[in-house]
Amino acid sequence: MSARCCAGQLACCCGSAGCSLCCNCCPKIRQSRSTRCMYALYFILVVILCCIMMSKTVANEMKEHIPFFEDMCKGIKAGDTCEKLVGYSAVYRVCFGMACFFFIFCLLTLKIDNSKSCRAYIHNGFWFFKLLLLGALCSGAFFIPDQETFLHAWRYVGAVGGFLFIGIQLFLLVEFAHKWNKNWTAGTASNKLWYASLALVTLIMYSVATGGLVLLAVFYTQTDGCVENKIFLGVNGGLCLLISVVAISPWVQERQPHSGLLQSGLISCYVAYLTFSALSSKPVDVVLDEHGKNVTICVPSFGQDLYRDESLVTGLGTGLLIGCIIYSCLTSTTRSSSDALQGRYAAPELEIARCCFCFDPSVDDTEEQQQIKEGPRVIYDEKRGTVYNYSYFHFVFFLASLYVMMTVTSWFNYESAHIEAFFSGSWSIFWVKMASCWICVLLYLGTLVAPLCRPTPHFSV
């Protein structure tokens, strides 16, 4: 449905006839969702361009199949073999343009709460001109003077923005865990079956976390050697045990009755996932066996066979990377996520327990909203006000642009980075993921310990 609505908005760039032809085939879609899908589509296009720029395979294919390739490169002053259009420096420039695009709209949409304002119309329309603006910004970055100084400074800006993007996602994960437990606990007052639901989900999550850590110990460690992997698994397993004990400790329960094992179980699952992701991103250890041959240790044997097919790993990995970033951006730009980051929460007595608690029932279409349309198939759902924070939406995509820039260029291992080797292991990526794991635990512990430092229990999660 998202792809169809994006196609409809793109067709509107080509005139009313194209818009009518495409939109008549599309299902009804809220205007707020179609707008976010369009910005996500622009983001995906630039990310794909960055992956192409980091691909050695694409560069070699261009040299072989494009006639007069070197003459063309010299003509556009991109170097003898267009080296200025590929590699980490080109990705830095393109992501600089995309980051500027979203930062401009972040400033332009500050304090918009009425979708009928002039600035709101700019946010929700003019897609063809926005595409031109995005292309102009990405292209103009290649003409910035003193490129070495620019790249050096922009690298540190990208690192700060990338870590901030990770921090927002981790904070929202912790808030999601607390919201889940609070919502289902509210249902126990009227129906005791919610206790069984809480217990079942908690048991499943702890089983997944424990089983995951055990499997990591089996596949990523050996009896002799693999000391680093053993240390990391031991530390992260100990952190999972620590947050579980703290969550049900008497002094925490006194201040936060809603704290429990459900939250710590979810965080433990995420810790297990990040530990797996970090260990799989670590450069492999190679030793000589008794026959003098190189043998890879501390990794599962089936992983060695998978990495031999570079095209498969690169394609699947790139698709997964783009999908995860887009999902993180869209889920972290809702009104509830924006309120959570600003410390605004619904009153506990207003909680209504439901299985799909992530979706606010108040956003369902009413009969009046279904009758109000903008275009043939678009439902105008922002009559009473904006359903999400426009400025915060663009700010998250601004940070995501920096995160993509750092991730695609292997963070601080940028000089030897290329997309084919991105998923084969890098110390920079390993430490970023491992640090994310520990930051997530610290954030969760902070939500448990912070109320103990306050004189009154007015802080609750």
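Note that the structure is a prediction, hence the values are computed from the model and not measured.

Engineer: Describe the environment of N413, listing the residues and the values that go with them.
Structural biologist: Looking at the secondary structure, you find N413 in the loop between α18 (390-408) and α19 (427-449). Spatially, the C-alpha atom of N413 lies 10.0 Å from that of Y88, the residues being 325 residues apart in sequence. Dropping the residues within four chain positions of it, N413 is found in contact with S426 and S428.

Engineer: Kindly report on the packing of helix α11 (residues 227-247) against α19, identifying the contributing residues and their values.
Structural biologist: At a minimum axis separation of 10 Å, α11 and α19 run at an interaxial angle of 15°. By the criterion of interaxial angle, the relationship of α11 to α19 is roughly parallel. Crossing of α11 against α19: the hand is left-handed. Between α11 and α19, the contacting residues are E228, F232, V235, N236, L239, L242, I243, V246 and A247 on the first element and W427, F430, W431, M434, C437, W438, V441, Y444, L445 and L448 on the second. Broken down by class, the residue content of the contact of α11 with α19 amounts to 17 nonpolar, one polar and one charged.

Engineer: So, the environment of K282: which residues are in play, and what are the values?
Structural biologist: Looking at the element boundaries, K282 is found in the loop between α13 (261-281) and β2 (285-288). Between the alpha carbons of K282 and G425 there is a distance of 4.8 Å; along the sequence they are 143 residues apart.

Engineer: Explain the state of the cysteines residue by residue, including any values.
Structural biologist: Within this structure, the stated rule accounts for one disulfide. The side chain of C226 participates in a disulfide bridge whose partner is C298; the two sulfur atoms lie 2.0 Å from each other. Here C226 and C298 share a disulfide; its torsion about the S-S bond, -100°, makes the bridge left-handed. Here C226, found in the loop between α10 (193-220) and α11, pairs with C298, found in the loop between β3 (294-297) and α14 (301-307); they are 72 residues apart in sequence, far enough to count as distant. Both residues of the pair, C226 and C298, count as buried. Lacking any disulfide linkage, C50 is separated from the closest cysteine sulfur, that of C95, by 3.6 Å. For C50, a relative accessible area of 0% translates into the label buried. Of the cysteine sulfurs around C440, a residue in no disulfide, the closest is that of C437, at 7.2 Å.

How each quantity is defined
- Residues numbered from 1 in each chain as written.
- Predicted model: local features only at pLDDT ≥ 70, side-chain atom pairs only at ≥ 80, totals over all residues.
- Heavy atoms only, no water.
- Helix = DSSP H or I, 4+ residues; strand = E, 2+ residues; numbered from the N terminus.
- Contact = heavy atoms within 4.5 Å.
- Axes fitted to C-alpha atoms, helices over the stretch in contact; angles between N-to-C directions.
- Parallel < 35°, antiparallel > 145°, perpendicular 65-115°, else oblique.
- Left-handed = near helix turned anticlockwise from the far one by under 90°.
- Nonpolar A, V, L, I, M, F, W, Y, C, P; charged D, E, K, R; others polar.
- Disulfide = S-S within 2.5 Å.
- Buried < 20%, exposed > 50% of the residue type's maximum accessible area, 1.4 Å probe, protein only.

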